[in-house]
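# Coordinate analysis (summary)
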Amino acid sequence: MDNLTLHERIVGSNDWATILFVFCFAVIAINRTVFQARYAEFIKLAWSDKYTKIYKESGNIQSWFTISFFIVQVISYAFLLQFLLLYFTKTGEKFEGFIPFIQLFTIIFTFILGKYLVEKIIATSFNIEEFNEQFNLHKVNYRAYIGLLLLPVNVVLFYNLSPQAWVLYIILGLIGAAGILSYLISLRIYQKLILSKLFYFILYLCALEIAPYFFLYYWFTNS
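Below or above, wherever it landed, is the structure these notes cover. Since the model is a prediction, treat every value here as computed from it, not as a measurement. (Residues numbered from 1 in each chain as written. Predicted model: local features only at pLDDT ≥ 70, side-chain atom pairs only at ≥ 80, totals over all residues. Heavy atoms only, no water.)

### Some remarks on helix 4 (residues 64-88)
- Between its terminal C-alpha atoms helix 4 stretches 36 Å, which fits the 36 Å expected from 25 residues at 1.5 Å a residue.
- Burial of helix 4 is extensive: 19 of the 25 residues sit out of reach of the surface. (Helix = DSSP H or I, 4+ residues; strand = E, 2+ residues; numbered from the N terminus. Expected span 1.5 Å × (residues − 1). Buried < 20%, exposed > 50% of the residue type's maximum accessible area, 1.4 Å probe, protein only.)

Structure representation (structure tokens):
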């Protein structure tokens, strides 16, 4: 922590970022208009689990509402990751611009999609498809919600040339806390199903919920 150095950003054209931000807010506006009842329950996800109870069928993961918010989520995470790399790495300037953003977007998108497909294969092998589908839908909902909340934060960070380090740490802390909380909520909701397949759940947790993020962190820190 003592060696932390914030690097000055050399900002070029921000038109590409503005277009992406407008696109994300347009997606939100469309979903709010087309899926009024669903959107109204979705934005209450932080303090109410009614949305997860109503839209718990596995088919909801392939709906336009879920897929569109997944795209917004990946864009939000890619912006935040690019921002962190810009300020917390010695060669941060190489992450500036649209091309590095697309690369980060592709990495995050491929990682999440690949992880989802591997989970489907393993769930079929262990005969826990029902649990995997419900658990995945629950994770998708909460991560999309976090990505939605993160979007205005990214707007402020992107157009602010001199952020304070403690602000970034608070943002990361809140994201981490929200992620852990979503897992705890999942465990509470599906505790009966988990207890009935506890051994497989432990394997699932270690192989698909811990190891992939560890290897991703290792790859980023050593690249």
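More follows now that the structure is in view.
### Section: the packing of helix 4 against helix 6 (residues 129-158)
- Taken N-terminus to C-terminus, the directions of helix 4 and helix 6 make an angle of 45°; their axes are 7 Å apart at the nearest point. Regarding the angle of helix 4 to helix 6, the classification is oblique. Between helix 4 and helix 6 lies a crossing of left-handed hand. Between helix 4, through Thr 66, Phe 69, Val 72, Gln 73, Ser 76, Tyr 77, Phe 79, Leu 80 and Phe 83, and helix 6, the contact on the second element is made entirely by Val 140, Arg 143, Ala 144, Ile 146, Gly 147, Leu 148, Leu 150, Leu 151, Asn 154, Leu 157 and Phe 158.
- A per-class count over the contact of helix 4 with helix 6 returns 14 nonpolar, five polar and one charged. (Axes fitted to C-alpha atoms, helices over the stretch in contact; angles between N-to-C directions. Parallel < 35°, antiparallel > 145°, perpendicular 65-115°, else oblique. Left-handed = near helix turned anticlockwise from the far one by under 90°. Contact = heavy atoms within 4.5 Å. Nonpolar A, V, L, I, M, F, W, Y, C, P; charged D, E, K, R; others polar.)

### So, the environment of Asp 49
- Summarising the element assignment, Asp 49 is placed in the loop between helix 2 (36-42) and helix 3 (50-54).
- For the pair Asp 49 and Ile 189, spaced 140 residues apart in the sequence, the C-alpha separation amounts to 9.5 Å.

### Re a nonpolar patch on the surface
- Taken together, the side chains of Ile 180, Leu 181, Leu 184 and Leu 187 make up a nonpolar region of the molecular surface, amounting to roughly 360 Å² of accessible area.
- For Leu 181, the position within the fold is in helix 7 (residues 165-189).
- Judged by its relative accessible area of 46%, Leu 181 falls in the partly exposed class. (Patch = residues over 30% accessible without salt bridge, like charges linked within 9 Å, V, L, I, M, F, W, Y side chains within 5 Å. Areas by Shrake-Rupley, 256 points an atom, 1.4 Å probe, with all protein chains shown as cover. Salt bridge = Lys/Arg side-chain N within 4 Å of Asp/Glu carboxyl O.)

### Let's talk about helix 1 (residues 15-34)
- Here helix 1 contains 20 residues, and its C-alpha end-to-end distance of 28 Å stays within 8% of the 28 Å for a straight helix at 1.5 Å per residue.
- Within helix 1 the residues assigned to the buried category are Trp 16, Ala 17, Leu 20, Phe 21, Cys 24, Val 27, Ile 28 and Asn 31. Buried residues of helix 1 fall within an arc of 145° about the axis and therefore sit on the same side. The exposed residues of helix 1 that point more than 90 degrees off its buried face are Asp 15, Ile 19, Val 22, Thr 33 and Val 34.
- Those residues of helix 1 that are buried lie in contact with helix 2, helix 4, helix 5 (98-126) and helix 6. (Arc of directions from axis to C-beta.)

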